Each structure stands twice: as structure tokens, then as C-alpha cells.
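# Chain and residue survey
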Amino acid sequence: MKRYNKLGVAAAAGVIAFLVMAAVAFGDTGSEDCIPIVTTDDTDEVGEDEHGGKWLKEQEELYDIGSKYGCDDIAERPKIEKVGGMYWRYAEYKYGGICVLTFSPQEFKDDDDMGGDYSGEIALPETLGGKTVVQIGWRLFNGKSVSSVVIPPRALVSFDDGFENQFSGCDKLVKFVVADDHPSYSVRDGFLCEKSGKKLLCCPAGRGGDVVIPDGIEEIGEYAFSGCDKIASLAIPPSVRKVRSGLGFGCPKLSAVHVRALSAWCRLDFEYVRMFCD
């Protein structure tokens, strides 16, 4: 980041020098309409003044803090609130709403305390700091033995489908619980799906053995099975038309993928499949 500051200083200095030369070459210094270009000692401090360097430093610090919890785009330093017998560390999200960073049944010892292990069911809060929860950090469940996750109706949480989804480290997680009237998500046979129930977003990492995707699912989301290291086989129904990237990634025991009919297999649109490599 400092390198970009230096480049910005050099660029600003170059522009000012050009304008000075242009004024000397083409300006009428005797004209009343001539506007003199004034340079000050602050020229060499571009990006280092109160409105540049300090702001940039604050953004770098927020980025570093957010990265630790897997939520880069926070707009403030983390705060703590107790809800439902649980201590939640959170921060306002740059794009509005709240990002949940970590939680603990006991008070946090210090800023580096990630909350330790927690087993059983956990219900995500709907609001924190008086604002709606819209995002959770990628490391929210790291090191947790959570068996089920409850997503309340007013929590408009965004679950990014991508490498190592937010639940890939939960090897005890066996199901999701979502309110029937939730505007964005639904659950089918324990799988987290979009509201329509046609796109499978995430398989609980605690599922193992022979896993059957429910009929009616039309799309398997990106890295939906990431971290499911107990799955031995996966059965894909004929309704599935699209399989996004990363199917089987992080599934070292996955040895077979079953499709009921050859015609159904031929219709599948594979975006990019990393089937049996970990």
C-alpha cells in the first residue's frame, strides 16, 4: 500500500509541474484573467496529510482486522453484544448492515480471542447494534463443533458460494434450520438452498456416507460440498442441470458419483469440476 502512496505522490507532483510549465508557456502573466498556480510545502505530503494518510492507515487497519475474521469489508472496529446468552463480536459492513465475526458463550478475553470451541445448535442473531445482520465472516465457525445452524427470518445473511464456504470447517454440522418465511433461503433434507429450493448452496460438513441430493434440485452451487470429508458417494438426481465449480473439492473419501440415467448425465452443464482431487 505504501508503494501506491509513493506512486500517487509522484503522479501528483508530475501533474503540478506540467500545469506550472503550461502556465508559463501559454499564460499571459500580465492579464487580469491569469490565475497564478500556487504551490505549498504540503505538495510533498500528498497521501500523508490528515485527510489522506490517516484515512488510508485506518482503512488498512480495518482490512487487517476484518481479514482475521474472514470479513474484509468492515467499516468500523469490532464491537461486542450479548444476545441469546451468547457474546457476539461484530462490525458494520461497508455496504450496510452488520457482519458477524465470531461468538463465544463466555466473555472474550481480549481482541485476539476467537471464542474457542462451541458444540450444539447455534442461532444467528437477527440484529446486532440495532442493525440487521447481512453477512457472516468466513471464519465464524472455524474450530466450532456446531451441530446445527438456525437462520432466523429477519437475518438477511449472504452466504458466499466459493472455495471454503463459511461452514466448511464444521465437521459436526449435520443440518440447517431456516424459517419457512425466510426471504432468501430454504432447507431441503438438511441442505441449505436458495428460497426456491432449486439451487443447493451448502451441504453440512458433518454429513457422511452415501449422500443423496433431493429430487427437484436443478443447480449445485460452487463448492457446495467443500469440507465434506466423510462423504463416500454422491447421488445426483435427473433434475440437476448445472453443476458449478468445485464439486468434490475437500472430499477425500468421495469415490463415486451416481447419476440415475445416462441421458441425465449428458444434459449436465459442468462449469468446472474438481471431482476427486483434494
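Data block above holds the structure.
The structure contained in this document is the topic of the report that follows. Predicted model only: the values in this text are computed from it and were never measured. (Residues numbered from 1 in each chain as written. Predicted model: local features only at pLDDT ≥ 70, side-chain atom pairs only at ≥ 80, totals over all residues. Heavy atoms only, no water.)

## Let's talk about the overall build of the protein
- In terms of helices and strands, the protein carries three helices and 17 strands.
- The contacts in the protein between residues at least 6 apart in sequence include a share of 49% that link residues at least 24 apart.
- As presented, the protein carries roughly 15100 Å² of accessible surface, and 51% of it is formed by carbon and sulfur atoms. (Helix = DSSP H or I, 4+ residues; strand = E, 2+ residues; numbered from the N terminus. Contact = heavy atoms within 4.5 Å. Areas by Shrake-Rupley, 256 points an atom, 1.4 Å probe, with all protein chains shown as cover.)

## Examining unusual backbone geometry
- One non-glycine residue, aspartate 189, lies in the positive phi region at around 50 degrees.
- If you trace the backbone, aspartate 189 turns up in the loop between strand E9 (185-188) and strand E10 (191-194).
- Non-glycine residue tyrosine 223 carries a positive phi angle of around 50 degrees.

## Observations regarding the environment of valine 133
- Along the chain, valine 133 turns up in strand E6 (residues 131-136).
- Sequence spacing of valine 133 and arginine 154 is 21 residues, and the spatial spacing of their C-alpha atoms is 8.2 Å.

## Points about the state of the cysteines
- Evaluated as defined, the whole model comprises one disulfide.
- The residue that forms a disulfide with cysteine 71 is cysteine 99, at a sulfur-sulfur distance of 2.4 Å. Within this pair, whereas cysteine 71 is found in the loop between helix H2 (53-69) and strand E1 (79-83), its partner cysteine 99 is found in strand E3 (residues 98-104), the two being separated by 28 residues in sequence.
- The buried category is assigned to cysteine 99, whose relative accessible area is 0%. (Disulfide = S-S within 2.5 Å. Buried < 20%, exposed > 50% of the residue type's maximum accessible area, 1.4 Å probe, protein only.)

## As for the sheet that holds strand E16 (residues 256-259)
- Read across the sheet, three strands follow the order E12-E14-E16 without closing on themselves; strand pairing throughout is parallel. Two strands lie at the open edges of the sheet, namely strand E12 (208-212) and E16, each paired on one side alone. With strand direction ignored, the average angle separating the axes of adjacent strands in the sheet is 15 degrees.
- Judged from the five bridges that link them, E12 and strand E14 (residues 230-236) form a sheet pairing that is parallel. What sits directly across from aspartate 210, in E14, is serine 233. (Pairing = 2+ DSSP bridges. Axes fitted to C-alpha atoms, helices over the stretch in contact; angles between N-to-C directions.)

## Observations concerning H2
- In this model, H2 (17 residues) spans 25 Å end to end at C-alpha, consistent with the 24 Å of a helix rising 1.5 Å per residue.
- At the exit of H2 stands glycine 70, carrying a positive phi of roughly 80 degrees. (Expected span 1.5 Å × (residues − 1).)

## Let's talk about the pairing of strand E7 (residues 145-151)
- For E7, the buried fraction is high: six of the seven residues fall into the buried class.
- As paired strands, strand E4 (residues 119-123) and E7 are joined by five bridges and run parallel to one another. Residue isoleucine 122 lies in a different strand from E7, and its bridge partner there is valine 149.
- Note that E7 and strand E8 (residues 175-178) share four bridges and pair parallel. Bridge pairing in E8 links serine 148 to lysine 175.

## A word on the pattern of salt bridges
- Enumeration according to the criterion identifies seven salt bridges in this entry.
- For the salt bridge of lysine 131 with glutamate 92, the shortest nitrogen-to-oxygen distance reads 3.0 Å. Remark: glutamate 92 occurs in strand E2 (residues 86-92) and lysine 131 occurs in strand E6; sequence separation between them is 39 residues.
- Given a relative accessible area of 25%, glutamate 92 falls into the partly exposed group.
- The closest approach of N and O atoms between lysine 199 and glutamate 219, which form a salt bridge, is 3.7 Å. Note that lysine 199 is positioned in strand E11 (residues 199-202) and glutamate 219 in strand E13 (residues 219-220), a separation of 20 residues in sequence.
- For glutamate 219, a relative accessible area of 17% translates into the label buried.
- Salt bridges sharing partners connect three or more residues here, namely Lys199, Glu219 and Arg244. (Salt bridge = Lys/Arg side-chain N within 4 Å of Asp/Glu carboxyl O.)

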